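Here are the chains, one letter per residue:
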Amino acid sequence: MSENQAKKFKGDDATQQMRQRAEQMGIETVWDREEMQEPHCGFGTLGICCKNCNLGPCRIDPFGEGASQGVCGADADTISARNLVRHIAAGTACHSDHGREITETLLMAAEGKTKFYRVTSAEKLKVVAEEYKVKTENRKNEEIAADLAKKILAEYGQQEGELVLAQRAPEKQKKIWRKYNLMPRGIDREVVESMSRTHIGVDNDYQNLMQQGMRTALADGWGGSMIGTELSDILFGKPTPQRGKVNLGVLKEDQVNLLVHGHVPLLSEMICEAGSDPEMIALAKKKGATGITIAGLCCTANEILVRRGFPVAGNFLQQELALLTGAVDLLLVDLQCIMPSLPEIANCFHTKIVSTSPKARFPGMEHIEFNEKDAGIIAQEIVRKAIDNFPNRDKAKVCIPQETNDLMPGFTTEYVFKMLGGTYRSSYKPLNEGIINGRIRGVAAIVGCDNPKAESGESHAKLVKELIKNDVLVVQTGCSALACAKAGLLTPEAALQYAGKGLKEICEAVGIPPVLHLGSCVDNTRILTACCEMVKEGGLGEGLDDLPIAGAAPEWMSEKAIAIGWYFVASGALVVFGSPFPVYGSPNMTKFVTEDVEKMTGGKWAFESDPLQMAKVMIEHIDKKRKALNLRPMIYEVGVGASA
Amino acid sequence: MKKLFFYIEKCLACRTCEMVCCVGHSLNKDLFKDVRENSISPARLKIFSAKAKNYPLACRHCDDPKCVVACMSAALKKDEKTGQVLHDKDKCVGCWMCVMACPYGAIRLDRKEKIPLRCDLCIDIGEPRCAKNCPVKAIIWEEEAEIAKKK
């Protein structure tokens, strides 16, 4: 609700160019709609508006003059806690459903019910199968995969016990979770219980509500999301570092441009294959194009980027701008973070938009329903549709920004192992030693969305530069990673010039860039597993909460981001959001999330909108952890805020 | 002369006007900061409801202001040029006579500072925040003559 709209950043160069074009053409975009929504309702922003029942809707007066309770008697603490738990449940549900779709596909592939998917990483299949106590010796991959998928699907509906992948966490975390009743019992069960406990007249104690909120978030991070990541690796192969390109300039004037947008990699993988089919390329040539460009938006982009090196057209805020190029022949969407405004913009051009998930329909979009059995055939149909639409493109309306940036994505928990220690002596030792002897200060995860209410992506790069300058190794996922890629921070050469001396020495010695791209937003679980490996390697304490680490989502916007943040806080990390999730209307809840929770899990929240201040908060936390571990002082101390 | 007008048929009682009034008159003019630092100002305007209608209520800057007449320390005065009723904080003794005299009940109490709280039409930004931010345009800031034409 700040009054100075003018200081808002307008996005990277390509974004600015396309926003001007939108204005000239009289097309509304997310920035216009954001302005129309200002000021955002203060009651909602502060989390003290409740519409869970028909006694209300109720609002608490945050300034103490009016109502201090809703009709049922719920106060600001109860209302903000209930709202927050529902946000966590929605975020968890999204990631977990994503994981469920991947699991169901693995099962179909294993049982021979679809010929388009197969086990690609037998190595990872064995690792996960053994964790789930599926017999692997002398068995075919398909047999193992079928048993594994069935066990995982059962875990979604499990009522008692503990999640299998949560056992990956250090003993210290598991003890904390058991002590405070935070250990998730099943995946779906926690979401259901969150919904039931936030119904009118059920759970009204804000601390007890947050216990369930954290348990639900852990069912996301160590459940649904982690399953999504691990099983995607089994089906489509483990990502490896490779060269990629990002920003709207990846669209080609003389080629068929097909964009894939959304989150679940099942169909996009098939599209990539169909689009690379020589028969399809020949067809495109017959229609006057020189080839086919398949590029991604949002996290689908990250999925095909880290596994196949396919180009990225843009992140969340650029989905409308991609259409404004007039050069997109077909945009394919599945689910999550897809703006329902897209069909209206596509109507101004020849662009066809196709929705594919039975769970996500959009008024004005053509619907071609996806199913695993016919995945490859559907993909071919869609690619052909894009090619057929190419001749309809109005060349006079085409305007593609030149901007592209190189990036090197695809670092996984396992890959960092190899990179650090070499294939034959895989180890996190060089990383841990770098931290222990004061060359690397710690590790920070910079993740999350881009948001027109904040700086439309720019705050990510500012924050990351400040962190690496202070010798903090940065790992990234999601739209945040893409924002930094657009700022040129995801190539080893570019980033090293901003890195502090100690970090630079380590990076050059082992050959990793100081900013590592780990994948999509479900792949935040790779950060969890990498942290577990750091604890296992030794020398940095016994739990995740001892590690000199911190996380931030400077421009978060989705409920998924809240769930992710909470599974990190419940696992012992400091998480900084650029703006608070709706709790500021309750001083007790604000204190709980920013202070009290630390006494339970070792993790906590901080809210800070200025990227440099955010870096300061994270570095101070990392230094606090270094001190507690009695680590050596930093070899090259820069000082926060000092110029590079 | 521009005046504040309220379309009571349109008001949904969302209280956005109260919220932006509070924030706009607070120390940091930032909702999150002022809530955290407890430096939020009370609202100078309030929504009241009666007979299924909602009434935003704020100082009308009357042509014949009773509050100015009632003010014993001459802290309140009518600026004939702008039509605004102005309040001089330094002269105010906090006797609340203006509150008693206002026929609309539009003057509110700042008990902390012991002064009356009245709409200042957001002179600092040249346009009342409530009108600027009303999502349904129930509060408007227009020339008196223009309003008369619409009626």
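Residues numbered from 1 in each chain as written. Chains lettered and ligands numbered in written order. Predicted model: local features only at pLDDT ≥ 70, side-chain atom pairs only at ≥ 80, totals over all residues. Heavy atoms only, no water.

Asks: Hey, could you run me through the overall build of chain A in this one?
Replies: The helix and strand inventory of chain A stands at 25 helices and 16 strands. Against the compact-globule benchmark of 26 Å for 644 residues, chain A has a radius of gyration of 24 Å, which places it among compact chains. Along the first, second and third principal axes, the C-alpha set of chain A runs to 65 × 65 × 55 Å. Across the 644 residues in chain A, those meeting the buried criterion constitute 63%. When the accessible surface of chain A is summed, it comes to about 23300 Å², and 50% of that surface belongs to carbon and sulfur atoms. Charged side chains of chain A number 74 positive and 82 negative; the gap between the two group centres comes to 3 Å. (Helix = DSSP H or I, 4+ residues; strand = E, 2+ residues; numbered from the N terminus. Rg over C-alpha atoms; globule rule 2.2 N^0.38 Å. Buried < 20%, exposed > 50% of the residue type's maximum accessible area, 1.4 Å probe, protein only. Areas by Shrake-Rupley, 256 points an atom, 1.4 Å probe, with all protein chains shown as cover. Lys, Arg positive; Asp, Glu negative; His and termini not counted. Charge placed at Lys NZ, Arg CZ, Asp CG, Glu CD.)

Asks: Before we go on, may I ask you to explain the overall build of chain B in this structure?
Replies: Counting its secondary structure elements, chain B contains six helices and eight strands. Walking chain B from its N terminus toward its C terminus, one meets helices and strands in the order β-α-α-β-β-α-β-β-α-β-β-α-β-α. By the compact-globule yardstick of 15 Å for 151 residues, chain B fits well, its C-alpha radius of gyration being 15 Å. The buried share among the 151 residues of chain B stands at 45%. Across chain B, the fraction of contacts at a sequence separation of at least 24, relative to all contacts at a separation of at least 6, is 55%. In chain B, 29 positive and 20 negative side-chain charges are present, and the distance between their average locations comes to 4 Å. (Contact = heavy atoms within 4.5 Å.)

Asks: What am I meant to see in the side chain of B:Glu18 here?
Replies: All names here are of chain B. On the secondary structure map, glutamate 18 appears in helix H1 (residues 16-24). Residue glutamate 18 is classed as buried on the basis of its relative accessible area, which comes to 6%. Among the polar contacts made by the side chain of glutamate 18, one reaches the main-chain amide nitrogen of isoleucine 47 at a distance of 2.9 Å. Excluding anything up to four places from it in sequence, glutamate 18 contacts Ala43, Leu45, Lys46 and Ile47. (Polar contact = N/O pair within 3.5 Å; in protein donor to acceptor, adjacent residues only side chain to side chain.)

Asks: What is the right way to read the pairing of strand E1 (residues 2-6) of chain B from this model?
Replies: In the case of a regular strand, side chains alternate between the two sheet surfaces. Residue and element names in this part refer to chain B. With four of five residues buried, E1 lies mostly within the body of the structure. Bridge count between E1 and strand E8 (residues 139-143): five bridges; the pairing is antiparallel. Within E8, the residue paired with lysine 3 across the bridge is glutamate 142. (Pairing = 2+ DSSP bridges.)

Asks: Would you mind going over the side chain of A:Asn389 with me for this structure?
Replies: All names here are of chain A. Tracing the backbone shows asparagine 389 in helix H15 (residues 375-389). Of the residues examined, asparagine 389 reaches a relative accessible area of 3% and is grouped as buried. Discounting residues that sit within four places of it in the chain, asparagine 389 has contacts with Asp329, His350, Thr351 and Lys352.

Asks: For this particular structure, what's the right way to read the interface of chain B and chain A?
Replies: Accessible area lost during the coming together of the parts is what is often quoted as the interface size. On the side of chain A, 18 residues touch chain B, which itself brings 22 residues to the contact. Summed over both partners, the interface of chain B with chain A buries about 1800 Å², with 66% contributed by carbon and sulfur atoms. When the buried surface of chain B facing chain A is broken down by residue, B:Met19, B:Phe32 and B:Arg36 rank first, second and third, together holding 34% of it. Viewed at the interface, chain A and chain B are joined by two salt bridges. On the surface where chain B and chain A come into contact, there are two residue pairs in polar contact (both at pLDDT 80 or more). The greatest single-element share of the side of chain B that touches chain A, amounting to six residues, is contributed by H1(B). (Buried area = accessible area lost by both parts, 1.4 Å probe. Salt bridge = Lys/Arg side-chain N within 4 Å of Asp/Glu carboxyl O.)

Asks: Where do I start with the pattern of salt bridges in this structure?
Replies: Pairs can form between side chains of opposite charge once their charged atoms are near each other. A full pass over the atoms with the stated rule returns 62 salt bridges over all chains. With its nearest N and O atoms 2.7 Å apart, the salt bridge here joins A:Arg178 to A:Glu162. Of this pair, A:Arg178 sits in helix H7 (residues 171-179) while A:Glu162 sits in the loop between helix H6 (141-156) and H7; the two residues are 16 residues apart in sequence, bridging distant segments of the chain. Close ionic contact of B:Glu146 with B:Lys149 constitutes a salt bridge, the shortest N to O distance being 3.2 Å. Taken together, the residues span about one helical turn, with B:Glu146 and B:Lys149 both in helix H6 (residues 144-150) at a distance of three residues.

Asks: Honestly, the packing of aromatic side chains in this entry has me stumped. Any pointers?
Replies: Geometrically, a pair of aromatic rings is defined through the distance of the ring centres and the angle of the planes. Residue and element names in this part refer to chain A. Counted under the stated rule, the structure contains 15 aromatic pairs over all chains. For the ring pair tryptophan 556 and phenylalanine 577, a centre distance of 4.8 Å and an interplane angle of 20 degrees mean the geometry is stacked. Here tryptophan 556 is found in the loop between strand E14 (549-553) and helix H23 (559-570), whereas its partner phenylalanine 577 is found in strand E15 (residues 574-577), with 21 residues between them in sequence. Residue classification places tryptophan 556 among the buried positions, given a relative accessible area of 10%. Accessibility expressed as a relative area gives 1% for phenylalanine 577, which makes it buried. (Phe/Tyr/Trp six-rings, centres within 6.5 Å; stacked < 30°, edge-to-face > 60°.)

Asks: Explain the packing of helix H4 (residues 76-110) of chain A against H23(A) to me, please; I cannot follow it from the model alone.
Replies: The angle between the axes and the distance between the axes are what describe a pair of packed helices. Residues and elements named next belong to chain A. Remark: H4 packs on H23, axes separated minimally by 7 Å, with the N-to-C direction vectors making an angle of 95 degrees. Our classification of the angle between H4 and H23 gives roughly perpendicular. On the side of H4, the interface is formed by Leu84, Arg86, His87, Ile88, Ala90, Gly91, Thr92, Cys94 and His95, while H23 contributes Glu559, Lys560, Ile562, Ala563, Ile564 and Trp566. Counted by class, the contact of H4 with H23 contains eight nonpolar, four polar and three charged residues. (Axes fitted to C-alpha atoms, helices over the stretch in contact; angles between N-to-C directions. Parallel < 35°, antiparallel > 145°, perpendicular 65-115°, else oblique. Nonpolar A, V, L, I, M, F, W, Y, C, P; charged D, E, K, R; others polar.)

Asks: I keep staring at the confidence of the model for chain B and nothing clicks. Help me out?
Replies: Low-pLDDT stretches of the model should not have their predicted coordinates read in fine detail. Predicted confidence across chain B gives a mean pLDDT of 90, with 99% of residues reaching 70 or more. We note a pTM of 0.91 for the whole complex and an ipTM of 0.71 for its interfaces. (pLDDT = per-residue confidence, 0-100.)

Asks: Hey, could you run me through the nonpolar core in this one?
Replies: Inside soluble globular proteins, nonpolar side chains tend to come together where they are buried. Membership of the largest hydrophobic core comes to 223 residues, with the highest contact counts inside it found for A:Trp566 and A:Phe581. The dominant element in this core, judged by the number of residues it contributes, is helix H9 (residues 206-236) of chain A, at 14 residues. In contact with A:Trp566, other than residues within four places in its own chain, are A:Leu84, A:Ile88, A:Met210, A:Met214, A:Ala217, A:Phe581, A:Val593, A:Val597 and A:Trp605. Counting residues in hydrophobic clusters, the runner-up holds 17 residues, among them B:Leu4, B:Leu45, B:Cys130 and B:Ile139. (Core = buried A, V, L, I, M, F, W, Y, C linked by side-chain atoms within 4.5 Å.)

Asks: I keep staring at the sheet that holds strand E12 (residues 472-477) of chain A and nothing clicks. Help me out?
Replies: What links the strands of a sheet is backbone hydrogen bonding, and the strands pair in either a parallel or an antiparallel sense. Residue and element names in this part refer to chain A. Strand order across the open sheet formed by six strands is E13-E12-E11-E14-E15-E16, with parallel pairing between neighbours. Of all the strands in the sheet, the pair left with one neighbour each is strand E13 (515-519) and strand E16 (604-607). The average angle at which neighbouring strand axes cross in this sheet is 25 degrees, direction not considered. The sheet contact formed by E15 and E16 spans four bridges and is parallel. In the strand pairing of E16, valine 576 is matched with alanine 606.

Asks: What am I meant to see in the environment of A:Gly502 here?
Replies: All names here are of chain A. By secondary structure assignment, the location of glycine 502 is in helix H21 (residues 501-510). Under the relative-accessibility criterion, glycine 502 is labelled buried at 0%. Remark: the alpha-carbon pair of glycine 502 and tyrosine 636, spanning 134 residues in sequence, is separated by 6.3 Å. Beyond its immediate stretch of four places on either side in the chain, glycine 502 contacts Arg439, Asp471 and Tyr636.

Asks: Any chance you could explain a negative patch on the surface here in plain terms?
Replies: Residues and elements named next belong to chain A. A grouping of Glu23, Glu28, Asp32, Glu35 and Glu344 is seen on the molecular surface, where their side chains present a negatively charged patch. Here glutamate 23 shows up in helix H1 (residues 13-25). Given the relative accessible area of 68%, glutamate 23 is considered exposed. (Patch = residues over 30% accessible without salt bridge, like charges linked within 9 Å, V, L, I, M, F, W, Y side chains within 5 Å.)

Asks: I keep staring at unusual backbone geometry and nothing clicks. Help me out?
Replies: It is generally the case that most residues other than glycine have a negative phi and that most peptide bonds are trans. The step from A:Glu38 to A:Pro39 runs through a cis peptide bond, and the omega angle for that step is -5 degrees. Looking at where A:Pro39 falls in the secondary structure, it is placed in the loop between helix H2 (30-37) and helix H3 (42-46). Here B:Ala74, not a glycine, exhibits a phi torsion of approximately 55 degrees, which is positive. Its place among the elements puts B:Ala74 in the loop between helix H3 (66-70) and strand E4 (76-78).

Asks: So what exactly am I meant to see when it comes to the environment of A:Pro554 here?
Replies: Looking at the secondary structure, you find A:Pro554 in the loop between E14 and H23. Apart from the residues within four sequence positions on either side, A:Pro554 is in contact with A:Ile446, A:Val447, A:Ser459, A:His460, A:Leu463, A:Gly578 and A:Met614.

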